[in-house]
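One-letter residues, chain by chain:
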Amino acid sequence: MRVIAELPHPECKITLFNMNQKYIVKFEQGTLEQSYKLSELDLTGGGANEIFQLLDEIFIATVVERFKTMRSDFSAAYKRQEY
């Protein structure tokens, strides 16, 4: 897997990878990650620029909200295991 590009964003780290004819978009915030895979065949040949066009602010806002839910879910699971 090789890093193709990084997209700066104040709320999360966004990295674009390429592996086995797929692009992987990884969002990171602290200890949490979200990944999205796209086949090269599903794109029109625009590479990283085409993928970054898909990552509009509405989509990124949804990803950031999902991080909040993930963090809450994990915290609740952790608290259930406390003795």
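Just so it is clear, the structure is predicted and the values come from calculations on it, not from any experiment.

Rules used throughout
Residues numbered from 1 in each chain as written. Predicted model: local features only at pLDDT ≥ 70, side-chain atom pairs only at ≥ 80, totals over all residues. Heavy atoms only, no water. Pairing = 2+ DSSP bridges. Helix = DSSP H or I, 4+ residues; strand = E, 2+ residues; numbered from the N terminus. Axes fitted to C-alpha atoms, helices over the stretch in contact; angles between N-to-C directions. Contact = heavy atoms within 4.5 Å. Buried < 20%, exposed > 50% of the residue type's maximum accessible area, 1.4 Å probe, protein only. Phe/Tyr/Trp six-rings, centres within 6.5 Å; stacked < 30°, edge-to-face > 60°. Core = buried A, V, L, I, M, F, W, Y, C linked by side-chain atoms within 4.5 Å.

Tell me about the sheet that holds strand β1 (residues 2–7), residues and numbers included.
Each strand in a sheet pairs with another by means of backbone hydrogen bonds, the pair being arranged parallel or else antiparallel. What the 4 strands build is an open sheet, ordered β1-β2-β3-β4; its pairing is antiparallel. This sheet does not close on itself; its edge strands, each paired only once, are β1 and β4 (32–39). Averaged over all pairs of adjacent strands, the angle between their axes in this sheet comes to 25 degrees, without regard to strand direction. The strands touched by helix α1 (residues 47–54) are β1, β2 (13–19), β3 (22–29) and β4; relative to β1, the strand with the most contacts, the crossing angle is about 45 degrees. Seen against the sheet, helix α2 (residues 57–80) touches β2, β3 and β4 and runs at an angle of roughly 135 degrees to β4.

Give me α1: which residues, what numbers.
Those residues of α1 that fall on the buried side of the exposure criterion are Gly-47, Ala-48, Glu-50, Ile-51 and Phe-52. Tucked inside the fold, the buried residues of α1 contact β1, β2 and β3.

With reference to specific residues and values, describe unusual backbone geometry.
Of note in the backbone geometry, Asn-20 takes a positive phi value of approximately 50 degrees without being a glycine. If you trace the backbone, Asn-20 turns up in the loop between β2 and β3.

Describe the packing of aromatic side chains, listing the residues and the values that go with them.
Evaluated as defined, the whole model comprises 3 aromatic pairs. Ring geometry for Phe-27 against Tyr-36: centres 5.9 Å apart, planes inclined by 90 degrees, an arrangement best described as edge-to-face. For Phe-27, a relative accessible area of 0% translates into the label buried.

How would you sum up the nonpolar core? Please name residues and give values.
Counting 18 residues, the largest nonpolar core has Ile-14, Leu-16, Val-25, Phe-27 and Leu-55 as the members making the most contacts within it. Mapped onto this core, the elements with two or more residues apiece are β2, β3, β4, α1 and α2. A total of 4 residues in this core trace back to one element, the largest contributor, which is α2. Every residue in contact with Leu-55, bar those within four places of it in the chain, is listed here: Leu-7, Ile-14, Val-25, Phe-27 and Ile-60.

Fair warning: the whole summary comes from geometry, so function is off the table for now.
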